[in-house]
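Structural features, examined
Here is what each chain is made of, one letter per residue.
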Amino acid sequence: MTTEPPIVRLTDLRLDRGGRSVLRGINLSVPRGSIVAVLGPSGSGKSTLLSALTGELAPAAGTVEVFGQKVPQDQRELLELRKGIGVLLQGNGLLTDLTAAENVALPLRAHTRLPKALIQRLVLMKLHAVGLHAAADAFPRELSGGMARRVALARALALDPPLMIYDEPLTGLDPIASGVVMSLVRRLNDTLGLTSIVVTHHVHETLPVADHAIVIANGGIVFSGTPGELERSQDPLVRQFLLGEPDGPIGFDAAPRTTTEAA
Ligand SMILES: Nc1ncnc2c1ncn2[C@@H]1O[C@H](COP(=O)(O)OP(=O)(O)OP(=O)(O)O)[C@@H](O)[C@H]1O
């Protein structure tokens, strides 16, 4: 039996921002086909971790591997790598004077030389995948928050990236739209053979669709395991986070307690 390398592997990773160590001692393996939830309170370093995956932030120590290769520093190699990573950012980022279909077409126009008719077909396929085939000609202002998020998702999928990164995909959505988006994340992951990393503080909406969860707080990973194990954890830090309590082992501003260590 051959063991497939993970899609993402973080080894003894340390990430600094503004001369301060934000995360350290990070080890994580994301197997192909899985959905990993990265949870943690505000300011714990979730976005910082994402920027290391996309190569925006170079490690202060340790390594970040994506698709079995070390994330390059060279800009051209980095752009190649990023074509394989679909990112759904907070706030959708849809262009308001373009229709849903035109928004989804943007990455295809920018990164491929496919003929217009083929791009149109691909766009409709992506919109169909998120259940919005009928909304192709609608402008973002004509869509509900949940629909707009799904258009942004279709756009993130436009280039068929094998890895999807979701940065707070539920911000601003009501519980019903949140449920729709999270089941879509699971369905797309399974039907398109993707691997997904979901960064969020919406624990209860995300855990049901995740295979693995990590919690980051106080500058490191304080929990790594299945959603079931997370819910059963008696660790005071994990309990404080799950119950959303202001007092406990996680500092109020969730800033790491130690400053930069010598590399
Ligand atoms: N460019 C920067 N320069 C200095 N410090 C930064 C910078 N970006 C983030 N930080 C600090 O790094 C820490 C982690 O921030 P980060 O944005 O990664 O947290 P987060 O978990 O994504 O928070 P949120 O859930 O609020 O988005 C915070 O203490 C923040 O103040």
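Source: prediction; values computed, not measured.

1. Details of the confidence of the model for the protein chain
Model confidence for the protein chain is summarised by a mean pLDDT of 90, while 92% of its residues fall at 70 or above. For residues 254–263, every residue scores under 50 in pLDDT, and the model assigns this stretch 24 contacts once sequence neighbours within four places are set aside. Two summary scores accompany this predicted model of the complex, namely pTM at 0.89 and ipTM at 0.94.

2. Describing helix α4 (residues 116–129)
Taking 1.5 Å per residue as the helical rise, α4 with its 14 residues ought to reach 20 Å, and the 20 Å between its terminal C-alpha atoms agrees with that figure. Buried within α4 are the following residues: Val123, Lys126 and Leu127. The buried residues of α4 all sit within an arc of 95° when viewed along its axis, so they share a single face. Of the exposed residues in α4, the ones pointing more than 90 degrees away from its buried face are Ala117, Leu118 and Arg121. Lining the buried residues of α4 we find α3 (100–111) and α5 (145–156). Just beyond α4, the residue with positive phi is Gly131, at close to 75°.

3. Focus on the site of the ligand
Residues in contact with the ligand amount to 13 residues; listed here are only the nearest, Gly18, Ser42, Lys46, Ser47 and Thr48. Per-element tally for the shell around the ligand: the top contributor is helix α1 (residues 46–53), with 3 residues. Residue classes in the shell around the ligand are distributed as 2 nonpolar, 9 polar and 2 charged.

4. Observations concerning the sheet that holds strand β4 (residues 61–66)
The 4 strands are arranged β2-β1-β4-β5 in an open sheet whose pairing can be described as antiparallel. Unpaired on one side and paired on the other, β2 (20–30) and β5 (69–70) mark the two borders of the sheet. In this sheet, β5 lies alongside β4 in antiparallel orientation, the contact comprising 2 bridges. Pairing of Glu65 across the sheet is with Lys70, part of β5. Across the face of the sheet, α1 comes into contact with β1 (8–17), β2 and β4 while running at roughly 120° to β1.

About the criteria used
- Residues numbered from 1 in each chain as written.
- Predicted model: local features only at pLDDT ≥ 70, side-chain atom pairs only at ≥ 80, totals over all residues.
- pLDDT = per-residue confidence, 0-100.
- Contact = placed C-beta atoms within 7 Å.
- Helix = DSSP H or I, 4+ residues; strand = E, 2+ residues; numbered from the N terminus.
- Expected span 1.5 Å × (residues − 1).
- Buried ≥ 20, exposed ≤ 12 C-beta atoms within 10 Å, placed from the backbone.
- Arc of directions from axis to C-beta.
- Near = placed C-beta within 6 Å.
- Nonpolar A, V, L, I, M, F, W, Y, C, P; charged D, E, K, R; others polar.
- Pairing = 2+ DSSP bridges.
- Axes fitted to C-alpha atoms, helices over the stretch in contact; angles between N-to-C directions.

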